Amino acid sequence: MEVHQIKRCMVQMVLLAGPGVLISTFCLGSALKLTFPYNWSWKTSLLLGGLLSATDPVAVVALLKELGASKKLNTIIEGESLMNDGTAIVVYQLFYQMVLGRSFNVGDIIKFLTQVALGAVGIGLAFGIASVFWLGFIFNDTVIEIALTLAVSYIAYFTAQNEADVSGVLTVMTLGMFYSAFARTAFKGEGQQSLHHFWEMVAYIANTLIFILSGVVIAQSVLHNDNHIESDGTSWGYLILLYVFVQISRAIVVGVLYPFLRYFGYGLDWKEAIILIWSGLRGAVALALSLSFKRSSDTLSSLHQSTGVLFVFFTGGIVFLTLTVNGSTTQFILHLLDLDKLSAEKRRILDYTRYEMMSKAREAFGDLRDDEELGPADWDTVKRYIACLRDLEGEHMQPQIAYESDHNLQHMNLKDIRVRLLNGVQAAYWGMLDEGRITQATANLLMQSVDEGIDLVPYEPLCDWKGLKAHVHFPNYYRFLHMSNFPQKLVTYFIVGRLESACYICAAFLRAHRIARTQLYEFIGENEVTSIVINESDTEGEEARQFLEDVRVTFPQVLHVLKTRQVTNSILQHLSDYIQNLEKVGLLEDKEMLHLHDAVQTDLKKLLRNPPLVKMPKANDLLGIHPFLGALPPKARESLVGSTKEMKLKLRGVSLYKEGSKTNGIWLISNGVVKWESNNLRNKHSLHPRFSHGSTLGLYEVLVEKPYICDMIADSVLQCFFIETERILSVLRSDPAVEDFLWQESAIILAKLLLPQIFEKMSMQELRALVVERSIMNRYIGGETVEIPIHSIGLLLDGFMKNQDVQELITSPATLLPSYGELNFVNLETAVGPGANATSFCHQGSWYQVEERARVILFDIGAFEADSGFLKRPASLVSNSIDPQRYPSREYGRLMSWPENFYKPKQRLQHSDAADQEQHNLSARALQLSIYGSMVGETRRRTRSFPWTSQTNPSHSISYPGVPSTGVLGRRQVSARLKGAANPGTQIPSSLTRERHLVGNSSDESGGEDEIVRIDSPSRLSFH
C-alpha cells in the first residue's frame, strides 16, 4: 500500500476497523446466542463474534490487483484487514477476560480499550523511531537490515503483549505503518526487494502453519468421534448457518457506514460497496485466536473443552467457506459489475504498446536473425512462439487522439497522460535515490508531492510542485529563530541547511520532469494531448529554475557543495559497478573483487557520514571586499571593522529599518537583495526598487542626522553587517577626503530612491562609474547660485536652496533639474512641471540660490542619451567585444593599465589639492572592489609602487564650475576587452588576464574555497 493513499483512506479504514468490528461483533454474538443450541453465555457468544470479525482478504486483494481494479478499493480492503486484526484482537481480549470471570463496567471497558489500543500505538511508534534511527547507521548491508526488522518486530510484540499488557498485534501493525511512512526510502535497490521477499516468505510460512494446525485440531475431533462435533451433521448445518450470519453482518456493517464511507477519502460508490461486502474473507488471525482459546479451554477448568473445539471448528469452517465461495466468485461479481473492464484510454495504450512491441521484436530479429556460427533464423517460426503479439489488426495509430467533437474523451486522455508522466517522475526519483543524488528525506517529500499531484489530476493541470513550495520557501518559524537570541552560527547553520534541502528538491524536480518528458515523448510521440502535458510539465518547473538561478547568483557555494557531493557519489557508484562487472566477466576473482569492493564501500560510507559542507565566507573576508569599507584608508577601515558586529543573516521579509525611525547606523549588504518602500517617496515609476551586493544603506540619513526616509526590507536571504552611527561620525571627522567619499557613497543610494526612472536600471558598478567619471560634488555657502547644465541632474544632499523661478524653498534631499533643454533623456515630462511636483523631491528651475549652506552633486547624464544601447545591454563582468574605433584611443589607453589608472576621469581642472585627489582615489577604489572583489587588493599590492595620478573635481568652491558635457559616461562595463581596446601598446599582465577570465566564467561549480568573487545581481530568493 502507498502511504499517501493510506492517509486519504485512513478515515474509511478506521471506520471499518473500529465501529465496523464492534457492529459485527454484536451482530454475530446476538445470532450465536439466539440461534445456536450450545447454551453459551452472552460473553462466550460475543467472544466468538469478535473472533470472527477479523477479515483477511488476501485472495481478494491479489485478484483485484490482477484485474486492475481501482487502487482506492484495494487500499480500503487491505487497510481494513490490517487494522481490524488489531481491533478484533483487542475485542477478543476484552471478552476473554469476561469469560474467565472478570467483571467490567462501562468505564472499565472504555479504559481497557483505550489503554490497550493507545498503549500499543505508542510502543509501536517508539520502536519504529528507534529502529529507523538505527537503520541510518547501517550502510548497504541487506542481511543486517532484514535481521533488524525481524528482531524489532518480535521484541516490540513481546514487550507490548507480555510486559505492558497491551495489544502486541496493534503494536506490530503500528510499527509496520511507521516503516511504510518514514522508512521506505531507507531500503534501496536490491535490499528493498530482498526485504520484501523475506517478509512475504515469513507471512506465507506463518499462514501455512496456522492452517495446518487448525486442520489437525479439527481432524482429530472428527476422527476420534468424541461428541464435540456431532456425527449426525448438526454442527455442519450450524456452520452453514453461521456463514450466512457472517455475510449478513458484513452487509450490515457496510450498509450502516456507507454514508460515511462515501463522504470521506476518495469516496465509495455502490458497486465498490458490494465488492467490499463480498471481500470480507476470514483467515489466519481468526484461526490463531481460536487455537489460542482451545489451548486455554484444555488447561483451565472454568472453560469447557468442547467449547474450544467448537471455536476451532466454526472458525476453520468459516475461513474455508469464505475462501472457497467468496474468493472464487469475486471475479464473476467484478465482471458482473463492470469493474474489471479497462477504460477506453487504457485499451488504446495497450493496443499501441502491442504494436510497439511488434516493432521492437522485428528490430531484435533483424539484429539476431543471422549468426556467424549458426546461420539464419526462421521469422515465421519465431512469430508462432510470440503468441502475445498475434491478431494485431487495424492501423497502427497514436494512443491519445483528441477529437474536437468529444471533449470528454480529450479530458480522459489528458488525465491518463498526466498520471503516466507523474508515475515516470516518481520512478525517476527512485532512480536518483539509488544513485545518491538525493537524500532519503528529500525523496520522501518528492514522492509525496507526486502522490498529491496524481489526486488532483482530474481537476487541474499538473501541480506536483504545489506540495513542494512549502519545503522550498522559508517558513515563518525561521523568523523566530532569527529574531530570538540564538547564536548567529546556529542560525546560519539552520538557514544553510534549509537552502541545501531546497536546492536538492528543485534540482531533483527539474531532472525528474525532464526524464519523464523525454520518456513520454519517445513512447507516444508528438500529438495534441502529449504536447499539452509536456508544456504543463515544463511550466511547472519555472519556479524551481528561478530559485536555483537565484541561489546560483546569491549563494553559489551552496550549489557548488551539493554538486560536489553528487559527483563524488556518482563516481564511487560507477567504480563499484565497474568492479562487479569485472568479476561477472571473469576478469577478477572473488577475493580480488571483494577487496576492491570493500575499499569503494568504505569511501561511500565516509561520504555519507562526513559529506562536504557549505563553508560560508568569513566575516572579515566579506568586509574586506565590500566597496564601502574596502575603499577607506587603512586607519579608518580598521576602526569600523573593529567595531562591526558579526555577520547577520536576514530572511526575506525582515526589515532592516523603518521609514521615520531614528537612525542608529548603516547596513552593508554583502549578499542578497533588499527592496525599499516609502510613503513619501513615490516609487510608482520603480519597476525593481531593490538594492543588491555592495550597497551601503542608511548612510545618507546618518550623515544628515535625520530619520530614515524609507523602509528597507530583505527580499531574499541576506548577508549583511551593521555599523553604528557613532563610528561613522568619528570616521567622518577624521579626514576631509573620507568625508567627501561618504557623501558620494550616500548619493548613489539617494539617486536610486529619488529618480528610479533613471537610476534603478543601473547596477552599483555603473553608479559608481558615474560618480567617478561624470560627477562633480561641491559645497556652497549662502548667497552663491547654482545652475544645472543641460543634460545634467543635480542632487541636493545637504542644506537649503531657493528656486529663483518660483521663489520656493528647497530642503534636502532633493533632485535639481535644468529648466531648459530636452527632458526626454530622463523621461520626466509627466512627472515634473514648473516648480515642484507632488512629492516635493523633484524640482526644476533655471537657477538656484543657496540660503545658508548646501552640498550638491551633479551628474552628467547626456552620455546616456548619446549611447542608446547603454540601458539595453545586459550587465556582465567581462565584455567580449568593444569596438576599438568607438572611443578616442588616447582616453582609453590609460584604462588598460588597471588598477593604477582604472576609471580615471577626464581632467576638468588644471589644479587640485591632495585631498581632492585622495577623495577620487577612494571612489575609484570602491568602483574596482564593486566589480573585481578581493582581486583588487592583490593586484593593488602588486602595483603599489605605481602612484595614483588622476585629477579630480574640487570639493570646495566659491564659484560653481561648469560640468563638461563632452565625452560619454561610456564604460558601463568596467571590463572592456583587454586586447585591441584602445591603446595597442598597452601591456596587460597575464595574471590579471587569468583573474578576469575566472570572473567572467564563474558558475555554481567553479571557484575555490579561498577565492571570494562577488557580482552585483538583481536576483532575489522568494522565501516566505
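Rules of the game
- Residues numbered from 1 in each chain as written.
- Predicted model: local features only at pLDDT ≥ 70, side-chain atom pairs only at ≥ 80, totals over all residues.
- Heavy atoms only, no water.
- Helix = DSSP H or I, 4+ residues; strand = E, 2+ residues; numbered from the N terminus.
- Buried < 20%, exposed > 50% of the residue type's maximum accessible area, 1.4 Å probe, protein only.
- Contact = heavy atoms within 4.5 Å.
- Areas by Shrake-Rupley, 256 points an atom, 1.4 Å probe, with all protein chains shown as cover.
- Salt bridge = Lys/Arg side-chain N within 4 Å of Asp/Glu carboxyl O.
- Pairing = 2+ DSSP bridges.
- Patch = residues over 30% accessible without salt bridge, like charges linked within 9 Å, V, L, I, M, F, W, Y side chains within 5 Å.
- Lys, Arg positive; Asp, Glu negative; His and termini not counted.
- Charge placed at Lys NZ, Arg CZ, Asp CG, Glu CD.
- Phe/Tyr/Trp six-rings, centres within 6.5 Å; stacked < 30°, edge-to-face > 60°.
- pLDDT = per-residue confidence, 0-100.
- Arc of directions from axis to C-beta.

### Structural notes on the overall build of the protein
And step 1. Per the secondary structure count, the protein includes 37 helices and 18 strands.
And step 2. Per-residue burial over the protein gives 51% buried out of 1024 residues.
And step 3. Taking contacts inside the protein between residues at least 6 apart in sequence as the whole, the part at least 24 apart equals 80%.
And step 4. Of the accessible surface of the protein, which amounts to about 48200 Å², a share of 56% is contributed by carbon and sulfur atoms.

### Observations regarding the pattern of salt bridges
And step 1. In the structure shown here, the tally under the stated rule is 17 salt bridges.
And step 2. Salt-bridge contacts for Asp538 lead to Arg545; the nearest nitrogen and oxygen are separated by 3.8 Å.
And step 3. You can call Asp538 partly exposed: its relative accessible area is 33%.
And step 4. Notably, a salt bridge pairs Arg768 with Glu745, separated by 2.9 Å at the nearest N-O pair. Of this pair, Arg768 sits in helix 32 (residues 764-773) while Glu745 sits in helix 30 (residues 736-754), and the two are 23 residues apart along the sequence.

### Description of the pairing of strand 14 (residues 808-811)
And step 1. Bridge analysis of strand 13 (residues 792-803) against strand 14 gives 4 bridges, and the strand direction is antiparallel. Across the sheet, Phe800 pairs through a bridge with Thr811, a residue of strand 14.
And step 2. Linking strand 13 to strand 14, which pair antiparallel, is a turn of 4 residues; within it Gln807 sits at a positive phi near 50°.

### Re a nonpolar patch on the surface
And step 1. Taken together, the side chains of Ile240, Leu241, Val244, Ile248, Ile252 and Val256 present a nonpolar region at the surface, about 450 Å² in accessible area.
And step 2. You can see Ile240 is positioned in helix 10 (residues 234-263).
And step 3. The partly exposed category is assigned to Ile240, whose relative accessible area is 46%.

### Some words on a negative patch on the surface
And step 1. Among the surface-exposed residues, Asp370, Asp371, Glu372 and Glu373 lie close enough to one another that they form a single negatively charged patch.
And step 2. As for its placement among the helices and strands, Glu373 is situated in the loop between strand 1 (370-371) and strand 2 (375-376).

### Some points on the packing of aromatic side chains
And step 1. Inspection of every chain in the model, using the stated rule, returns 23 aromatic pairs.
And step 2. Their ring planes at 80° and their centres at 5.6 Å tell us that Phe198 and Trp199 sit as a pair that is edge-to-face.
And step 3. According to the relative accessible area criterion, Phe198 is partly exposed, its value standing at 25%.
And step 4. Since its relative accessible area comes to 28%, Trp199 is described here as partly exposed.

### Describing the confidence of the model for the protein
Detailed reading of the predicted coordinates is not advisable wherever pLDDT falls low.
And step 1. Here the protein averages 76 in pLDDT, while 77% of its residues score no lower than 70.
And step 2. Within the protein, helix 34 (residues 889-893) has the poorest average pLDDT of any element, 33, and helix 28 (residues 699-704) the best, 92.

### Points about helix 29 (residues 725-732)
And step 1. What helix 29 keeps buried is the set Thr725, Ile728, Leu729, Val731 and Leu732. All buried residues of helix 29 project into a common sector of 160° when viewed along the axis, lining one side.

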